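Structure at a glance
One letter stands for each residue in the lines below.
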Amino acid sequence: DAGITQSPRHKVTETGTPVTLRCHQTENHRYMYWYRQDPGHGLRLIHYSYGVKDTDKGEVSDGYSVSRSKTEDFLLTLESATSSQTSVYFCAISESWTTQETQYFGPGTRLLVL
Amino acid sequence: QKEVEQNSGPLSVPEGAIASLNCTYSDRGSQSFFWYRQYSGKSPELIMSIYSNGDKEDGRFTAQLNKASQYVSLLIRDSQPSDSATYLCAVTYSGGGADGLTFGKGTHLIIQP
C-alpha cells in the first residue's frame, strides 16, 4: 500500500462547527488530492495540491478550504460544517499529473455532520 | 462536460464465470483509462490501467479499450467470491491537468458461490 494515512478515520460533529481532516504521505509525491464519495455521485474532486502552498479548486470546492505547508501533509477544512458535507473523504496522491499518472488512495475518513 | 458512465448493477455472476464490466466516456480526446476496485467500507485500489486501443491482460483481468466507440471494459476470468466489490472506471480527459481524472459511479459486482 502507498504510504498514506488519514486522520481522524471517523468523526461526528455538529452543524456549524469547524472540522479539519489531515492527510499524511510518506511517498514524497508532489500531487495530493481530496475527494468526497457519496451514494449516487461517485468520487468527486474537492481540491488538489501541486506543491507546497500550491493548491487549486476541484469540482465541488464550495464550503471547503485546504492548506499544504509541507510536502507530506495536506489539510482539508470545513469552516462551518453542514449536513450536506456528511460523506466519506478520501485523500489521494500521485507523482505527477500527467495523463498516465496513477492516483493512490488513503483509507478514508467517515464524517457525520448532525 | 466530463461524463463517465457505468451501469450501477448489481451485476451477479456465478463463481468461475467471466464477469464483464463496461464503461463509456464522453470526451473523444481522453487518453488514460483506469479500473479501480473498492470493497465495502474501503478505499479504491488500482487494478488496471490502459492507454491504447486493444486488450491488456494482467492475470485474471483483461482491460479492453475502443477509443472510436469511447468504450472501455474490464473482464474478470474465473470469477471468485473475493472479486465481489464495486468497480470504478476513471478517465483522464484531454486538456485536463491535475483535476482531469473523472470517475464513474461504479458497478457493484456480486460473485455467487
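Everything below is about the structure printed above this text.
Analysis parameters
- The numbering scheme is per chain: residues are counted from 1 as the chain's sequence reads.
- Whichever chain is written first is A, and whichever ligand is written first is 1; the rest continue in order.
- Two thresholds apply to this predicted model, a pLDDT of at least 70 for residue-level local features and 80 or more for giving and counting side-chain atom pairs, whereas whole-chain, interface and lining totals are computed over all residues.
- Only hydrogens and water are removed before side-chain values are computed, so all heavy atoms of the structure are retained for them.
- By convention in these notes, a salt bridge is any Lys or Arg side-chain nitrogen within 4 Å of a carboxyl oxygen on Asp or Glu.
- The buried label goes to any residue with under 20% of its type's maximum accessible area, the exposed label to any with over 50%, and the partly exposed label to all in between, with areas taken from a 1.4 Å probe on protein chains only.
- Helix and strand assignments follow DSSP, with helices taken as H or I runs no shorter than four residues and strands as E runs no shorter than two, numbered in order from the N terminus.
- Two aromatic rings from Phe, Tyr or Trp, using only the six-membered ring of Trp, form a pair when their centres are within 6.5 Å; if the ring planes differ by under 30 degrees the pair is stacked, by over 60 it is edge-to-face, and anything between is tilted.
- In our convention, an over-ring charge means Lys NZ or Arg CZ found within 6 Å of a ring centre and within 35 degrees of that ring's normal.
- What we call a nonpolar core is a set of buried Ala, Val, Leu, Ile, Met, Phe, Trp, Tyr and Cys residues that are connected through their side-chain atoms within 4.5 Å.
- When checking whether two residues touch, look at their non-hydrogen atoms; a contact exists if any pair is within 4.5 Å.
- Using protein atoms alone on a 1 Å grid, points that fit a 1.4 Å probe yet trap it form a cavity, whereas open point sets bounded by protein on both sides within 12 Å along at least five of seven lines form a pocket; residues with an atom within 4 Å of a point count as lining.
- Grid points are joined across faces, edges and corners, and a volume is the space filled by probe spheres set on the points.
- The residue classification treats Ala, Val, Leu, Ile, Met, Phe, Trp, Tyr, Cys and Pro as nonpolar and Asp, Glu, Lys and Arg as charged. All others, Gly included, are polar.
- Defined by distance alone, a disulfide is two cysteine sulfur atoms within 2.5 Å.

Attention now goes to the pattern of salt bridges. Considering all chains together, one arrives at 7 salt bridges over all chains under this definition. Note that A:Asp38 and A:Arg44 form a salt bridge whose closest N and O atoms lie 2.9 Å from each other. A:Asp38 sits in the buried class, given a relative accessible area of 11%. Judged by relative accessible area, A:Arg44 falls into the buried class, the value being 17%. Ionic pairing is found between B:Glu57 and B:Arg77, a salt bridge with its closest N-O pair at 3.4 Å. Linking B:Glu57 in strand β6 (residues 54-58) with B:Arg77 in the loop between β8 (71-76) and β9 (85-92), this pair joins segments that are 20 residues apart in sequence. Judged by relative accessible area, which is 60%, B:Glu57 ranks as exposed. What you see here is one network of salt bridges that share partners, running through A:Arg22, A:Lys70 and A:Asp73.

What follows is about the packing of aromatic side chains. Taken as a whole, this structure holds 13 aromatic pairs over all chains when the rule is applied. Put simply, the rings of A:Tyr33, A:Tyr35, A:Tyr48, A:Tyr50, A:Phe90, A:Phe105, B:Tyr36 and B:Phe103 pair up and form one aromatic cluster. Stacked on the ring of B:Phe61, the Lys or Arg B:Arg60 has its end atom at 5.5 Å from the ring centre.

Moving on to the nonpolar core. Grouped burial of nonpolar side chains is what soluble globular proteins tend to show. Formed by 24 residues in total, the largest nonpolar core has its most connected members in B:Trp35, B:Val72, B:Leu74, B:Ile76 and B:Tyr87. Secondary-structure elements contributing two or more residues to this core are β3 (19-25), β4 (32-38), β5 (45-50), β7 (61-66), β8, β9 and β11 (107-112) of chain B. Apart from residues no more than four positions distant in its own chain, B:Ile76 is found in contact with B:Ala17, B:Ile18, B:Ala19, B:Leu21, B:Arg60, B:Phe61, B:Asp83, B:Tyr87 and B:Leu109. Residues A:Met32, A:Tyr64, A:Ala81 and A:Cys91 belong to the second largest nonpolar core, which totals 19 residues.

With that settled, consider the environment of A:Ala92. Position of A:Ala92 among the secondary structure elements: in strand β9 (residues 87-94). With sequence-adjacent residues up to four places away left out, A:Ala92 is seen in contact with A:Tyr31, A:Met32, A:Tyr33, A:Tyr35, A:Gln103, A:Tyr104 and A:Phe105.

Of the volumes computed, that of the largest pocket is approximately 600 Å³. Looking at the largest pocket, it is lined by 28 residues, and the ones nearest its centre are A:Gln37, A:Pro39, A:Arg110, B:Gln38 and B:Gly41. Residue assignment for the lining of the largest pocket shows that the elements contributing at least two residues are β4 (31-38) and β9 of chain A together with β9 of chain B. Classifying every residue of the lining of the largest pocket by side-chain character gives 7 nonpolar, 16 polar and 5 charged. In this structure, the second largest pocket is lined by 19 residues; those nearest its centre are A:Arg44, A:Glu59, B:Lys2, B:Thr102 and B:Phe103. Among the secondary structure elements, those contributing two or more residues to the lining of the second largest pocket are β5 (42-51) of chain A together with β1 (4-5) and β10 (101-103) of chain B.

So, about the state of the cysteines. Under the defined criterion, the tally for this structure stands at 2 disulfides over all chains. Bridging A:Cys23 to A:Cys91, the disulfide has an S-S length of 1.9 Å. Linking A:Cys23 and A:Cys91, the disulfide has an S-S dihedral of approximately -70° and is accordingly described as left-handed. Residue A:Cys23 is located in strand β3 (residues 19-25), and its partner A:Cys91 is located in strand β9; the two are separated by 68 residues in the primary sequence. Grouping residues by exposure puts A:Cys23 and A:Cys91 together as buried. The disulfide that involves B:Cys23 links it to B:Cys89, with 2.1 Å between the sulfurs. The sign of the S-S torsion, about -75°, decides the handedness of the disulfide formed by B:Cys23 and B:Cys89: left-handed. Pair noted here: B:Cys23 is in strand β3 and B:Cys89 is in strand β9, with a separation of 66 residues, a long-range link.

The values reported here are purely geometric and, on their own, carry no functional implication.
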